[in-house]
Amino acid sequence: MKKTIIGGILAICGTFGTSSVLNTVADNLVSGWSTPPGRFITTVIMYDLIIPLILFSVILILGLVILGIEYFRKEK
């Protein structure tokens, strides 16, 4: 039960963090960009938000993995 709560909290924090970064980027798109990375990724790199985006995404995935493990665990 304790791991389920921890996984849920991590998943919620990761979701809020990732969506905050993505909303910030979506509101402040750059006007000039090159084709390979695209406009959205160029904006993420320009505002130095790549590290927070990766960090929050890892926290979200970690929380979901913990929840998945606890969901499929057999009780003794």
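The shown structure was predicted, so the numbers you read here are calculated from the model rather than taken from an experiment. One numbering rule holds for all chains: residues counted from 1, following each sequence as written. Only residues with pLDDT of 70 or above have their local features reported here, since the model is predicted, and side-chain atom pairs are shown and tallied only from 80 upward, although totals for entire chains, interfaces and linings are computed over all residues. Neither water nor hydrogens contribute to the side-chain values; these are computed over all heavy atoms in the structure.

### Comments concerning the overall build of the chain
For the chain, the helix and strand inventory stands at three helices and zero strands. Secondary structure is summarised from DSSP: a helix means a run of H or I of at least four residues, a strand means a run of E of at least two, and numbering begins at the N terminus for each. Its helices and strands taken in sequence order, the chain reads α-α-α from the N to the C terminus. Its C-alpha atoms put the chain at 60 × 20 × 15 Å along the principal axes. Buried residues are those whose accessible area, probed at 1.4 Å on protein chains only, stays under 20% of the maximum for their type, while exposed residues exceed 50% and partly exposed ones sit between those limits. Put simply, the chain has 76 residues, and 22% of those count as buried. Look at the contacts in the chain between residues 6 or more apart in sequence, and 64% of them connect residues 24 or more apart. Accessible area for the chain stands at about 5,700 Å²; split by element, carbon and sulfur atoms hold 72% of it. This count recognises Lys and Arg as positive and Asp and Glu as negative, with His and chain-terminal groups excluded. Here the site of a charge means NZ on Lys, CZ on Arg, CG on Asp, or CD on Glu. Here the chain contributes 6 positive and 4 negative side-chain charges, whose respective centroids are spaced 13 Å apart. What makes two residues a contact is simply this: any of their non-hydrogen atoms within 4.5 Å. In this description, accessible areas are obtained by the Shrake-Rupley approach with a 1.4 Å probe, and a residue is regarded as covered only by the protein chains that are shown.

### As for a nonpolar patch on the surface
Candidates for patches are residues over 30% relative accessible area with no salt bridge; among them, like charges are joined within 9 Å and nonpolar side chains (Val, Leu, Ile, Met, Phe, Trp, Tyr) within 5 Å. Note on definitions: salt bridges are taken to be side-chain nitrogens of Lys or Arg within 4 Å of carboxyl oxygens of Asp or Glu. A grouping of Leu22, Leu29, Phe40, Ile41, Ile45, Ile50, Ile51, Ile54 and Val58 is seen on the molecular surface, where their side chains present a nonpolar patch of about 770 Å² in accessible area. Those elements that provide at least two residues to the nonpolar patch are α2 (38-46) and α3 (50-72). For Val58, the position within the fold is in helix α3.

### With respect to the pattern of salt bridges
Under the definition given, this model contains one salt bridge. Of the charged contacts, one joins Arg73 and Glu70 as a salt bridge, the two residues approaching to 3.3 Å between their closest N and O atoms.

### Looking at helix α1 (residues 2-27)
Each helix should span, by expectation, one fewer than its residue count multiplied by 1.5 Å. The end-to-end C-alpha separation of α1 is 38 Å, in line with the 38 Å expected for 26 residues at 1.5 Å each. Turning to α1, its buried residues number three or more, namely Gly7, Gly8, Ala11, Gly14, Gly17, Thr18, Val21 and Val25. Of the surrounding elements, those touching the buried residues of α1 are α2 and α3.

No statement about biological role is implied by the geometric values presented.
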